[in-house]
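# Overview (structure and organization)
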Amino acid sequence: MIEENLVEFIEILMLATAVAVTVKFIRLPYTIALVLAGLFVGLAGLLPEVPLSREIVFFIFLPPLLFEAAMNMDLKELRENFGPIALIAFLGVVVTTIVVGFSLNWILGIPLALALIFGAMVSATDPVSVLATFKSISAPKKLSILIEGESVLNDGAAIVVFAIALEMMLKGVFDPLNAALDFAVVCVGGAAVGLAVGYLAYRILAKIDDALVEIAVTIVAAYLGFVLAERFHFSGVIAVVAAGLILGNYGRDFSMSPTTRVIMLDFWSVIVFLVNSIIFILIGVNTHITIFSAWKEILVAIAAVILARAFVVYPVMTYYRFPNLWKHVVFWGGLRGVIPVALALSFGNQLLSAMAFGVVLFSLLLQGISLEIFVKRKFVSESERELEEIIARYIAARSAKFELMKAVEQGRIVEPVAREMLPNLDAEIEELRSKLEEKIRGGMGSKLRKAAVKYVIDAKKSAVVDAMAGGLVSQEVALEIMRELDSKTAELME
């Protein structure tokens, strides 16, 4: 049995790696490509259905995903935009639970208690593919913070509301006041546990200068916060988020050496890549059959989720005077992912599981793909596309010239033939260089200059890390210079 599971795990990793390589060429969001691959594999019967239990998702997969997201979130940016983020996150959970619950009860006749539980299931958002699209087009940082911050906060709120709704159903008593009090206690308790674990880990890291041990401490902090909070019947999700925020904004900058920071970021990036790969492939593998059995219920659930999203996003963002384009992006960018699937599996109702899978698939595939097209069209102007085309052609021509001369040196092309081709290549390069210089002088060069400056800063940071590793400079000096370079990077990104 163990050998079979190990083989299946290796097969999933191989598939995930193949998908990762493929999306570099087809420019499809990675998570969406994973789900499509999982659907194909499931329909073709290439992999057996691997059950995603609540214990596996919650206690193994969820903590690293939440911890890494919180650790990479800028606490200053979160504080500055906390008003709209918190309103969209918490109102989103409450309104989605109510709107979806009563819609399913009224239209489909599903018992209200079950319908409300389903509403809580699907109220958590997953920004992975949205943020990947944002990074590819350099979308406004504040917009990215808004979507990422909402997801981090409402994940915990959704799980808490789900647990409260489930408890009320089992007791057969609906008490909104007591539910609100439970919600506050569970959230505050989870935050307190997470802050305590994060601070303890921060103090331990300050006393250690060993990259492997320090990374091990962050792993323990992620899982310890979750387990301790759940043990005391608080929110493990909120505890992990709180611990991640502390270590990401204080421990990483003030307790870790530059070398450890680099290694740690790479380590957690790989972990999140693996976890996302496994989960999204298994979503596709496990949902290719169930969604067909409840397509009517799924359509009603999708419509209710979208309606609830509109009820929250547009009033809140209008109140805070965000641009209309941002409202549309945040509304349609409320994708569903891992947590609805985990909650559905933990509940064990076949109909609700099928509906949750259907909502997630619609969200990732239709919303995710259409959002990418919409965002790229709206955020990338025609002049920017023209600039990108010039850059691509310029790089291609220079690379062609370099490869041509290298082929001559290696004896693969004779020199007289290459000499005949060089004038045309040189003329093409010069023409494209002139067009590129004209675009930059015309005000199109700010993004290119930022990229160049960031590249230089990163090169300096890498050189400082190498110098410290080689013993040429002390850790104290290296850390001081790294902080200075980090501040320059932060200024550049504003």
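Conventions and cut-offs
- Residues numbered from 1 in each chain as written.
- Predicted model: local features only at pLDDT ≥ 70, side-chain atom pairs only at ≥ 80, totals over all residues.
- Heavy atoms only, no water.
- Patch = residues over 30% accessible without salt bridge, like charges linked within 9 Å, V, L, I, M, F, W, Y side chains within 5 Å.
- Areas by Shrake-Rupley, 256 points an atom, 1.4 Å probe, with all protein chains shown as cover.
- Salt bridge = Lys/Arg side-chain N within 4 Å of Asp/Glu carboxyl O.
- Helix = DSSP H or I, 4+ residues; strand = E, 2+ residues; numbered from the N terminus.
- Buried < 20%, exposed > 50% of the residue type's maximum accessible area, 1.4 Å probe, protein only.
- Lys, Arg positive; Asp, Glu negative; His and termini not counted.
- Polar contact = N/O pair within 3.5 Å; in protein donor to acceptor, adjacent residues only side chain to side chain.
- Core = buried A, V, L, I, M, F, W, Y, C linked by side-chain atoms within 4.5 Å.
- Contact = heavy atoms within 4.5 Å.
- pLDDT = per-residue confidence, 0-100.
- 1 Å grid on protein atoms, 1.4 Å probe; cavity = no way out; pocket = protein on both sides within 12 Å on 5 of 7 lines; lining within 4 Å.
- Points joined across faces, edges and corners; volume = space filled by probe spheres on them.
- Nonpolar A, V, L, I, M, F, W, Y, C, P; charged D, E, K, R; others polar.

So, on to a nonpolar patch on the surface. A cluster of nonpolar residues, Ile56, Phe59, Ile60 and Val227, forms a patch on the protein surface that exposes about 280 Å² of accessible area. Counting residues per element, the nonpolar patch draws most heavily on helix α3 (residues 54-71), at three residues. Topologically, Ile60 is positioned in helix α3.

With respect to the secondary-structure elements, Arg336 resides in the loop between α14 (324-332) and α15 (338-347). The side chain of Arg336 sits in the buried core without any salt bridge; Glu150 is the nearest counter-charge, 6.5 Å away. A distance of 2.6 Å separates a polar atom in the side chain of Arg336 from the backbone oxygen of Val122.

Moving on to the nonpolar core. Counting 110 residues, the largest nonpolar core has Leu104, Phe118 and Met121 as its most contacted members. Considering every element that reaches this core, the biggest residue donor is helix α8 (residues 141-171), with twelve residues. When neighbours within four sequence positions are excluded, Met121 is seen to be in contact with Phe162, Pro340, Leu343, Ala344, Phe347 and Leu352. Membership of the second largest hydrophobic core comes to eight residues, among which are Leu387, Ile390, Ile391 and Ala397.

Our next topic: the confidence of the model for the chain. Taken residue by residue, the chain gives an average pLDDT of 80. The fraction at 70 or more is 84%. Of all helices and strands in the chain, the one with the weakest mean pLDDT is helix α7 (residues 128-137) (62), whereas helix α13 (residues 295-319) scores best (92).

Looking now at unusual backbone geometry. Of note, the phi angle at His233 is positive, near 65°, even though the residue is not glycine. Following the sequence through the fold, His233 ends up in the loop between α10 (211-231) and α11 (236-254). Given the relative accessible area of 68%, His233 is considered exposed. Of note, the phi angle at Arg321 is positive, near 60°, even though the residue is not glycine.

To find the voids left in a structure, one rolls a probe of water-molecule size over its atoms. Under the criterion given, the structure shown has five cavities of 30 Å³ or more. Together, Ile88, Gly92, Thr96, Ser123, Thr125, Glu150, Asn154, Ala308, Arg309, Val312 and Arg336 line the largest cavity. Secondary-structure elements contributing two or more residues to the lining of the largest cavity are α5 (82-108), α8 and α13. When the residues that make up the lining of the largest cavity are grouped by side-chain class, the tally is three nonpolar, five polar and three charged.

A few words on the pattern of salt bridges. This structure, assessed with the given rule, holds seven salt bridges. Between Glu389 and Arg393 there is a salt bridge, with its nearest N and O atoms 3.1 Å apart. Of this pair, Glu389 and Arg393 both sit in helix α17 (residues 382-409), four residues apart, which is roughly one turn of the helix. For Glu389, a relative accessible area of 43% corresponds to the partly exposed category. Glu430 is the salt-bridge partner of Arg433, the closest N and O atoms lying 2.5 Å from each other. One end of the pair is Arg433 and the other is Glu430, both in helix α18 (residues 415-444) and three residues apart, which spans about a single turn. Given the relative accessible area of 25%, Arg433 is considered partly exposed.

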